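Residue strings, one per chain:
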Amino acid sequence: MLRNPIHLRFEKLKNWQSLTFMVCLCERMYPNYYKFCLETGFGDARIYRCILDLLWETLLVKNVKVNFDHQLEKLEDLIPSAESDSIYGVYPAIDACIALSEVVHAHLSGETLDHTIAISEVSVRTVAMTLVGKEMTEDELKMLPAVMEEWDIQWEIFRQLVDCKKPDLDLIKGLRSEIKAAAVSNIGINLMQLKKKRD
C-alpha cells in the first residue's frame, strides 16, 4: 500500500486528535456502506450510523460511557463477505467496517497510532481499488488524481487537528458538520442522492 509522509506525522497527535482523525475518515466512508446495504439488503446502515455517532459522542461529551466490546460485537454482524457477494460495492463496504472497527479497537486498547495509520491506508486502498480494481505499485498509485485528492483531504484534517493543543469542541463539531454536510464518500458516493433514491 502507498505510504505517505503523513503517517510519520501521526506520532505528533494526542489521543483525542487521532480519534477525531479516524472518526472523520469513517464518516467519509459511511456512504459506501449505506449504498451497499441499500443495493443488497445486507446489514443495517442504521447500526453502523449508531456506532459512528457514539464515537463522535465520546469526543464531544465528557466522561461519556460506551461499552465498546458490545459495539464491536454489533459491528462484526455488519461486515459483508466478499465471497458471498459478487457486486464490487462489497469491497468499499468491507473497508468501511474495517475502518470503524479500528476506531473501536483504539478505544479498547488505549493506543491510537497503529490504528490511525491503518484507517488512513484503508481509505486510500478503497479509492485505488475502486478506480482500477487491482493492486497497484506505489509509482502507479502516485499517478492517480483521486488517490492524491484523498491524501490532500487527510492532510487537511490532520493540519486542523495538529495545530490545536487541547480538545476543541468547536473544531470537532466543525469537522463533523463539514463532512456530514458534504455527504460524499471517499469514492464519490453521494449520500443525499442515495436517500432520495430510497425514498
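Let's shift gears to a positive patch on the surface. Positive charge collects at one region of the surface, where Arg 9, Lys 12, Lys 14, Arg 159 and Lys 165 lie side by side. Topologically, Arg 159 is positioned in helix 8 (residues 145–162). The class of Arg 159 is partly exposed, set by a relative accessible area of 42%.

Okay, the packing of aromatic side chains next. Across all of its chains, the model carries seven aromatic pairs by this definition. Aromatic side chains Tyr 30 and Tyr 34 sit 6.0 Å apart centroid to centroid with 65° between the ring planes, which places their arrangement in the edge-to-face category. Taken together, the residues Tyr 30 and Tyr 34, both in helix 2 (residues 15–40) and four residues apart, mark about one turn of the helix. When sorted by exposure, Tyr 30 lands in the same class as Tyr 34, which is buried. Here a set of aromatic residues connected by ring pairs shows up, and it is made of Phe 10, Phe 21, Trp 155 and Phe 158. Lying across the ring of Tyr 30, Arg 49 places its NZ or CZ 4.9 Å from the centre.

About the criteria used
Residues numbered from 1 in each chain as written. Predicted model: local features only at pLDDT ≥ 70, side-chain atom pairs only at ≥ 80, totals over all residues. Heavy atoms only, no water. Patch = residues over 30% accessible without salt bridge, like charges linked within 9 Å, V, L, I, M, F, W, Y side chains within 5 Å. Areas by Shrake-Rupley, 256 points an atom, 1.4 Å probe, with all protein chains shown as cover. Salt bridge = Lys/Arg side-chain N within 4 Å of Asp/Glu carboxyl O. Lys, Arg positive; Asp, Glu negative; His and termini not counted. Charge placed at Lys NZ, Arg CZ, Asp CG, Glu CD. Helix = DSSP H or I, 4+ residues; strand = E, 2+ residues; numbered from the N terminus. Buried < 20%, exposed > 50% of the residue type's maximum accessible area, 1.4 Å probe, protein only. Phe/Tyr/Trp six-rings, centres within 6.5 Å; stacked < 30°, edge-to-face > 60°. Lys NZ or Arg CZ within 6 Å of the ring centre and 35° of its normal.

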